[in-house]
Amino acid sequence: MAVAPRLFGGLCFRFRDQNPEVAVEGRLPISHSCVGCRGERTAMATVAANPAAAAAAVAAAVAVAEDREPQREELPGLDSQWRQIENGESGRERPLRAGESWFLVEKHWYKQWEAYVQGGDQDSSTFPGCINNATLFQDEINWRLKEGLVEGEDYVLLPAAAWHYLVSWYGLEHGQPPIERKVIELPNIQKVEVYPVELLLVRHNDLGRSHTVQFSHTDSIGMVLRTARERFLVEPQEDTRLWAKNSEGSLDRLYDTHITVLDAALETGQLIIMETRKKDGTWPSAQLHVMNKNMSEEDEDFKGQPGICGLTNLGNTCFMNSALQCLSNVPQLTEYFLNNCYLEELNFRNPLGMKGEIAEAYADLVKQAWSGHHRSIVPHVFKNKVGHFASQFLGYQQHDSQELLSFLLDGLHEDLNRVKKKEYVELCDAAGRPDQEVAQEAWQNHKRRNDSVIVDTFHGLFKSTLVCPDCGNVSVTFDPFCYLSVPLPISHKRVLEVFFIPMDPRRKPEQHRLVVPKKGKISDLCVALSKHTGISPERMMVADVFSHRFYKLYQLEEPLSSILDRDDIFVYEVSGRIEAIEGSREDIVVPVYLRERTPARDYNSSYYGLMLFGHPLLVSVPRDRFTWEGLYNVLMYRLSRYVSKPNSDDEDDGDEKEDDEEDKDDVPGPSTGSSLRDPEPEQAGPSSGVTNRCPFLLDNCLGTSQWPPRRRRKQLFTLQTVNSNGTSDRTTSPEEVHAQPYIAIDWEPEMKKRYYDEVEAEGYVKHDCVGYVMKKAPVRLQECIELFTTVETLEKENPWYCPSCKQHQLATKKLDLWMLPEILIIHLKRFSYTKFSREKLDTLVEFPIRDLDFSEFVIQPQNESNPELYKYDLIAVSNHYGGMRDGHYTTFACNKDSGQWHYFDDNSVSPVNENQIESKAAYVLFYQRQDVARRLLSPAGSSGAPASPACSSPPSSEFMDVN
């Protein structure tokens, strides 16, 4: 059947039963070539000035087509074409799906195709020819789309399948690229992204030369980074990161390489800077920090052993430096960061994490420390990141290296958690099932929510057994752990230093060092002191003296734990009671303070204040002498060692001068009468409400009249009742109305200077027991681990709810080790905290450098053919020197490459021998399982074969570059 010819720029093709016949009609004014396909067959018409040559070319094309005829697909009918392009599953009417590709087709060509297929004549002259999108392009060099194109007016959109159908049927104009665009998902809408984002890519060291690259809004930042690396020919081993220049001219880090260009809010024309890490592990942008810049210039030509690098102390940050040095010398973790494995696992969307910032800051530190280009580095950025995410580490206060280590491991885990969305996992009790089954279930549940390099390296599994004391119900659970906090065997004795004040005024106070039970009572202290002094415990009163006053007067039944090591404890010999009991014949014990009258700073010169000084006294006063005059004489006797009596000349000197004043001021003690001087402003201490009246003591014993009416001899001091703070404010508080008043001895400055010997008053003697030092025998690390796995009873503050009894019980608890990690961190609990005391245990713990065997502690059925699974070698130690209030942290660590041990003391690093590692300062121990060390030593385990930490001899210092 004859068909109408189809004109292709002067070439006329006639198709009869799908077999082409070529006829040349007139001249061939073709200036371009077109690729047309029917049934996977391509016909190419080439323009030639010579018609004969053109005809020959056409004939050759026909011959090629005939040769390929068996591979062609038959061209569908017009109705079938319409259905496939417009209405089918692959047609224009299908809904948009995010991420899929759609293609732009020039509107005029598509309208011609519609007219052709709707005309019903396959041989119609309306045949559209090759797809030609020339009118959509701004130029034919870069093939950029014209701005402002409108769908339906300038182009139509086709899904990928429909586009491929049309190209296979009609072909695409030669040289034109397909205009492929992605479907992106915007809030509440999906649309085809006709105009992608055009970004300007530059390198940090060549900002003048940029590459303009198009990216879809759905492309990831990782795609942008990979494209930039390809454009700038970056070596695979080099680290790079991206910065975006915002509208304000500042730069923002593009941290998360998994988010899209749309989520990162990047716009067309925005400058994207690719930064390459320097060989010393630092980033060029970090050089903006002056301190780092100076350090970099200083170390520019330095080349040392990787990992032998100090950390600058920023101010009480030795605890952080110690923890970082320990962690930096964990071989597999350091290799993980050096090989950039962390980049693919950064979790920026974990609500429990730190948006990847802690992991990146730690990675920067590791790369700098292991670059071999630094003697020491300044961890300023890392310190700021830690303070930002953990407010307890803000500022520059001293902290615990183990607490920082715990935070850091948890932060790294959450920042590198491979689980992007944590599912809810219900904890199940054993309920009589085999341990192996329950343990496997617990570990799988743990890994369903927690899967990171930290879990792979540091996490093990406990078995926890709780037994109800009432019903005997047993609860078994398996819980993960990151480190072992093992207790130290604690002595049940403690040493207390006290001052004993005898009643005999001729004897000086004595300093004693007493060994008392930790859980004893005040009476036990008195018994221990009685053995040294020969004084009966019943004749002793114990007081805490602080700032020249009694901070606390202890009762015999009070616990010794209420006394802190820093407290100044005075034990007084007495012969009575401090509470006056009517009708009793016992002496009355009176608390006495010493005060000096001084000009008050806050008042004019006519007013005076009273300042406490010296040590307070507990004075026993016989009842028959309990008058103001008797009390004065008793006090003069008690003070006779350091207060001299006035002679007769002294008494005569002041008589005439003071006679005129005696009428106004002649009372050595307080009075309720109006003749007492007005209250003076005092500085003896804050008032807690003061009473000047004890109903029994004053009314019945001292009376309310003045004493004496006129002075007949010189008085060295005056007496006055005060409260426990040492002030004599006249205001009374309800709680102290019936309290025993304290007595204050008030001195005039001149009288104190003349008669009071301060040197003698402060003098004391040391008892022989002061030289006693309680010997502490060293303990083995295995003893601490045994103590950790010992059965204990829960404390009252932490009861267990028994599901059988339906109530809280003080159950017995036992922890056992089920599965051990690759790196075992053992925290020695040297710091003891109670309600009343805090102390550091400086016991020497003997720990092995190699072959620490845990086979006797692991209760899981063991693989006897592989004992290395239970043996560990030491790789790092965090040390703490000093006490509770102050101290210093350092580190011993074994270099993974050389096997040499080094001592890290902030920015100072020096090689050490193995026999120097064990000390009383050891606080946190890092052990590596031996099978892991073997694996890392093998060529497949690591690119650089790390040496065993159990090396026998240090390498020569000739190749060690150490501060």
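As the structure is a computational prediction, the values presented were derived from the model and not from experiment. Each chain carries its own residue numbering, running from 1 in the direction its sequence is written. Totals for whole chains, interfaces and linings use all residues, but because this is a predicted model, local features are given only for residues with pLDDT of at least 70 and pairs of side-chain atoms are given and counted only at 80 or more. The basis for the side-chain values is all heavy atoms of the structure; hydrogens and waters are excluded.

A. Inspection of the pattern of salt bridges at higher detail. We define a salt bridge as a contact between a side-chain nitrogen of Lys or Arg and a carboxyl oxygen of Asp or Glu at a distance within 4 Å. Under the criterion given, the structure shown has 39 salt bridges. When the shortest N-O distance is used, the salt bridge between Lys 385 and Glu 357 registers 2.7 Å. Placement of Lys 385 in helix H10 (residues 380-389) and of Glu 357 in helix H9 (residues 357-369) is noted, with a sequence separation of 28 residues between them. Residues Lys 385 and Glu 357 agree in their burial class; the two are buried. Between Glu 758 and Lys 752 there is a salt bridge, and its shortest N-O distance comes to 2.4 Å. Partly exposed residues are those whose accessible area sits between 20% and 50% of the maximum for their type, while under 20% is buried and over 50% is exposed, using a 1.4 Å probe and protein chains only. For Lys 752, a relative accessible area of 7% translates into the label buried. Per the convention used, a helix needs a DSSP run of H or I reaching at least four residues, while a strand needs a run of E reaching at least two, with both numbered from the N terminus.

B. Geometry of the packing of helix H8 (residues 331-338) against H9. The N-to-C vectors of H8 and H9 enclose an angle of 100°; their axes lie 9 Å apart at closest approach. On the basis of the axis angle, H8 is roughly perpendicular to H9. Listed contacts from H9 to Leu 333, Thr 334, Phe 337 and Leu 338 of H8 are Ala 359, Tyr 362, Ala 363, Val 366 and Lys 367. Classification used: nonpolar for Ala, Val, Leu, Ile, Met, Phe, Trp, Tyr, Cys and Pro, charged for Asp, Glu, Lys and Arg, polar for all others including Gly. Here the contact of H8 with H9 is composed, by residue class, of seven nonpolar, one polar and one charged. Fitted lines through C-alpha atoms give the axes, limited to the stretch in contact for helices. The angle between two N-to-C directions lies from 0 to 180 degrees. Note on terminology: angles under 35 degrees are roughly parallel, angles over 145 are roughly antiparallel, angles of 65 to 115 are roughly perpendicular, and the others are oblique. Here, residues are in contact when the closest pair of their heavy atoms is within 4.5 Å.

C. View of the environment of Val 770. With respect to the element layout, Val 770 can be found in the loop between strand S30 (765-766) and strand S31 (779-780). Separated by 273 residues in sequence, Val 770 and Glu 497 have C-alpha atoms that sit 8.0 Å apart. Not counting the four nearest positions on each side in its chain, Val 770 is found in contact with Gln 511, His 512 and Arg 513.

D. Up close: the side chain of Ser 452. Structurally, the position occupied by Ser 452 is in the loop between helix H12 (435-449) and helix H13 (453-458). Here the side chain of Ser 452 touches Ile 454 through a polar contact of 3.2 Å, landing on its backbone nitrogen. Discounting chain neighbours no more than four positions away, the residues touching Ser 452 are His 413, Leu 416, Asn 417 and Arg 418. Counting of polar contacts relies on pairs of N or O atoms within 3.5 Å, with two restrictions inside protein: one atom must be capable of donating a hydrogen and the other of accepting it, and residues adjacent in sequence are counted only when both atoms are side-chain atoms.

E. Layout of a negative patch on the surface. Together, Glu 783, Glu 786, Glu 846, Glu 856 and Glu 918 make up a region of like negative charge exposed at the surface. Within the secondary structure layout, Glu 856 lies in the loop between strand S40 (852-853) and strand S41 (871-882). The exposed category is assigned to Glu 856, whose relative accessible area is 58%. Patch criteria: residues need more than 30% relative accessible area and no salt bridge. Like-charged residues are merged within 9 Å; nonpolar side chains of Val, Leu, Ile, Met, Phe, Trp and Tyr are merged within 5 Å. Residue-level accessible areas treat just the shown protein chains as cover; the underlying method is Shrake-Rupley with a 1.4 Å probe. The positive count covers Lys and Arg only, the negative count covers Asp and Glu only, and His and the chain ends enter neither. Working definition for charges: the position is that of NZ of Lys, CZ of Arg, CG of Asp or CD of Glu.

F. Looking closely at the packing of aromatic side chains. Each aromatic pair joins two rings of Phe, Tyr and Trp (for Trp, the six-membered one) with centres within 6.5 Å, and gets the label stacked for planes under 30 degrees apart, edge-to-face for over 60, and tilted for any other angle. With the rule as written, the count across this model stands at 33 aromatic pairs. Relative to Phe 127, the ring of Tyr 116 lies with its centre 5.4 Å away and its plane at 90°, an arrangement referred to as edge-to-face. Of this pair, Tyr 116 sits in helix H3 (residues 107-119) while Phe 127 sits in the loop between H3 and strand S7 (155-159); the two residues are 11 residues apart in sequence, bridging distant segments of the chain. An identical accessibility class is assigned to Tyr 116 and Phe 127; each is buried.

G. Main features of the nonpolar core. Put simply, buried Ala, Val, Leu, Ile, Met, Phe, Trp, Tyr and Cys residues joined by side-chain atoms within 4.5 Å make one nonpolar core. Ranked by internal contacts, the top residues of the largest apolar core, which has 55 residues, are Leu 327, Phe 337, Tyr 362, Phe 458 and Phe 926. Per element, the largest residue contribution to this core is eight residues, and it comes from H9. Not counting chain neighbours up to four residues away, the residues in contact with Phe 337 comprise Tyr 342, Ala 359, Tyr 362, Ala 363, Val 366, Lys 367, Leu 412 and Leu 416. Grouped together as the second largest cluster of nonpolar side chains are 37 residues, Phe 462, Ile 826, Phe 854 and Tyr 927 included.

H. Molecular detail of the pairing of strand S23 (residues 549-553). Any two strands between which DSSP finds at least two bridges are classified as paired. Across four bridges, the pairing between strand S22 (residues 540-546) and S23 is antiparallel. In the strand pairing of S23, Ala 543 is matched with Leu 553. In this antiparallel pair of consecutive strands, S22 and S23, the connection spans two residues, and Ser 547 shows a positive phi of 55°.

I. A look at the packing of helix H2 (residues 78-87) against H3. Closest axis-to-axis distance for the H2/H3 pair is 8 Å, and the angle between their directions is 140°. On the basis of the axis angle, H2 is oblique to H3. Between H2 and H3, the contacting residues are Leu 78, Gln 81, Trp 82, Ile 85 and Glu 86 on the first element and Tyr 110, Trp 113, Glu 114, Tyr 116, Val 117 and Gln 118 on the second. Of the residues contributing to the contact of H2 with H3, the split by class is seven nonpolar, two polar and two charged.

J. Structural detail: helix H15 (residues 628-638). Across the 11 residues of H15, eight count as buried, placing the element largely inside the fold. Turning to H15, its buried residues number three or more, namely Trp 628, Gly 630, Leu 631, Tyr 632, Val 634, Leu 635, Met 636 and Arg 638.

K. The arrangement of the environment of Lys 279 in detail. Looking at the secondary structure, you find Lys 279 in the loop between strand S14 (271-276) and helix H6 (290-298). Lys 279 sits 93 residues away from Gly 372 along the chain, and the two C-alpha atoms are 9.0 Å apart. The residues touching Lys 279, leaving out its near neighbours within four places in the chain, are Ser 371 and His 373.

L. Seen up close, the sheet that holds strand S35 (residues 812-819). Strand order across the open sheet formed by four strands is S18-S17-S35-S32, with antiparallel pairing between neighbours. Unpaired on one side and paired on the other, strand S18 (474-481) and strand S32 (792-793) mark the two borders of the sheet. Across seven bridges, strand S17 (residues 460-467) lies against S35 in antiparallel orientation. In the strand pairing of S35, Leu 466 is matched with Lys 813. Across the sheet, H12 is in contact with S17, S18 and S35; its angle to S18 comes to roughly 40°.

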